[in-house]
Amino acid sequence: MPVYKAPVDDTMFVLNDVLGIQKFNNLPGFSEASPDVVEAIVAEAGKLAEEVLFPLNLSGDQEGCTRHDDGSVTPPKGFKAAYDAYCQGGWIGLSVPEAYGGQNLPYVLHTAVGEYMSSANMAFAMYPGLTNGAIAAILVHGSDAQKETYLPKMVEGVWTGTMNLTEPHCGTDLGLLRTKAVPQADGSYKISGQKIFISAGEHDMSDNIIHLVLARIEGAPEGTKGISLFIVPKFLVNEDGSLGARNGVSCGAIEHKMGIHANATCVMNHDEATGYLIGQENRGLAAMFVMMNEARLGVGLQGLSISEAAYQSAAQYARDRIQGRSLTGPKAPDKKADPIIVHPDVRRTLMQIKSINEAGRAFALYSALQSDIAHRSEDAAARQNADDILSIMTPVLKGVMTDRGFDNAVAAQQMFGGHGYIEEYGMSQYVRDARIAMIYEGANGVQAMDLVGRKLAANGGRAVMAVFKEIGDFCEENRANEKLAPFTKAIKKGLNDLQAATMWFMSNAMAKPDNAGAGATDYMHLFGLVILGYMWGRQAKAAQELLDAGDARAEFLANKLVTARYYMERMMPETAFRKARIEAGADSVMALGAAAF
């Protein structure tokens, strides 16, 4: 059976010792997040994840959701009670402004908590996760009346949220969508069309579901320029805030999926449903991107979460499973064989996953901190720099961590041999659940093209230069520190490869755009390797300084340095391989005719 324990100590190390979140007490919400408060919240989140959500993960996968003849949907047994416990703990409103019932704590803390929830039960965590995304979009683009009507109930968890984008004929290219919106005399719209793949689209865990729906108003321009965003509640809301009539939106079917069986992924039919415009006409994508960007960060976190959960089960199995003898002689002479963790290839597999997870955790929390600075700082220059960094990190975090998360889930499954292929050990579920994270909220090839095609050149390359400067400054500032030399030298080499690849794109992709398309995925992973290396550099620096100061966590900190060294020796050399593939260009990629495939 799988196991899971929230990595509280590691999270606290990153928050306090690596990122130093107490240095940001000048930002709204941070002063309330004192070290003891942060530790209490993180520990309590770990407890909820371990004791309430994780026990439902395997059974929820096996049972799935049930759609009834009237279109209603029931999640697996235990989910409603778990959701009530989640809401009673105030977890949905952790980083939401107090004006709407939230606690206004840092988003970085919300992210730390979110990792545990997704590790324990990814399908469950999607229900409140979609609600948080809808809250973010309404906060930024909703009218005061819309905020007052919807946000308090959503923060409380009494109402949940979704986003309705994809249609049967269009996913990535939203300009092709056909869902239409017809203006009504009272200022509302009648929404008609079908949406597919709608996570948490229908269920009985909340009293109302607030759908955010992309549609085209009659007479609007074709393409993405004519798309608007609408609030379409499952139940209409009366002026006094009570629930009114059932709206014309219903679940036509539940998608039969490879994984995340416990999440109600629905076909949603809008039959002249009443909708309310959010923001400006024909500016719906801008409003929806607030939700999508938050969702992309959340999906990147899912990649880390599944990787961590799968790793923990694999590590325990490797310690317990008796098979073969060590190459250097028996390590358990009282037994007929040694535990498989003695074998170097098993160690290599576990170290690779561990090194990605611990750097990925720092990467996710670092990115969330940039979001806090971008949204809460009074310093315009600091806001712009943080927003620039976050904009370029979003596709990297989403794409790299979900690719690596799936690969790590497969590698963890491999530790079990044949037992990993049967359902009772739970590893198959991790592989199946991890796979969707590479696809939804923009498939990873699209994330790579967003990075190369849009983010690199934005504002004259200001964002990528800010990232290069931050990493370069770290290497230079610590260049004379002999204890950190193995880390800074490897990071600098990777940064040089990344900068060279960037320059190659600038020289070769303008005249021949296919060069950018052919190298985009390799560039995204090259970028990710360097960022994860930088995260290890910062963790190694913090660990070494604490060890030198006699910190009581000596074993934990020494293990950090060993894992950092593994990453530099075994993972960072991949930057040269990625750079070589990028510089090979697009000729062989594009040479064959379509019929040759």
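Residues numbered from 1 in each chain as written. Predicted model: local features only at pLDDT ≥ 70, side-chain atom pairs only at ≥ 80, totals over all residues. Heavy atoms only, no water.

This brings us to helix 5 (residues 107-141). Over its 35 residues, helix 5 runs only 19 Å from end to end, short of the ideal 51 Å by more than 12%, given 1.5 Å per residue. If you look at helix 5, its biggest bend is around 130°, right at N121. Among the 35 residues of helix 5, 31 are classified as buried, and the element is accordingly described as predominantly covered. (Helix = DSSP H or I, 4+ residues; strand = E, 2+ residues; numbered from the N terminus. Expected span 1.5 Å × (residues − 1). Bend = angle between axes of the 7 residues up to and from the residue. Buried < 20%, exposed > 50% of the residue type's maximum accessible area, 1.4 Å probe, protein only.)

So, about helix 9 (residues 380-414). Compared with an ideal rise of 1.5 Å per residue, which puts 35 residues at 51 Å, helix 9 spans 49 Å between its outermost C-alpha atoms and is within 8% of the ideal. At M393, helix 9 shows its strongest bend, of approximately 35°, with the proline P395 following within four residues. Measuring from the side-chain oxygen of the N-cap residue of helix 9 to the backbone nitrogen of A381 gives 2.9 Å; that N-cap residue is D379. (Polar contact = N/O pair within 3.5 Å; in protein donor to acceptor, adjacent residues only side chain to side chain.)

This part is about the pairing of strand 9 (residues 243-246). Across 2 bridges, the pairing between strand 8 (residues 235-237) and strand 9 is antiparallel. From the neighbouring strand, V237 faces strand 9, where its bridge partner is L243. (Pairing = 2+ DSSP bridges.)

On to the pattern of salt bridges. Within this structure, the stated rule accounts for 33 salt bridges. For E476, the salt bridge goes to R479, with nearest N and O atoms at 3.2 Å. For E476, a relative accessible area of 48% translates into the label partly exposed. The exposed category is assigned to R479, whose relative accessible area is 59%. With its nearest N and O atoms 2.9 Å apart, the salt bridge here joins R581 to D522. Highlighted residues: R581 in helix 16 (residues 574-583) and D522 in helix 14 (residues 514-548), separated in sequence by 59 residues. In this structure R581 comes out as partly exposed when scored by relative accessible area, which is 42%. Salt bridges here are not isolated pairs; linked through shared partners, they connect D10, E115, E308, K354, E358, R361 and K560. (Salt bridge = Lys/Arg side-chain N within 4 Å of Asp/Glu carboxyl O.)

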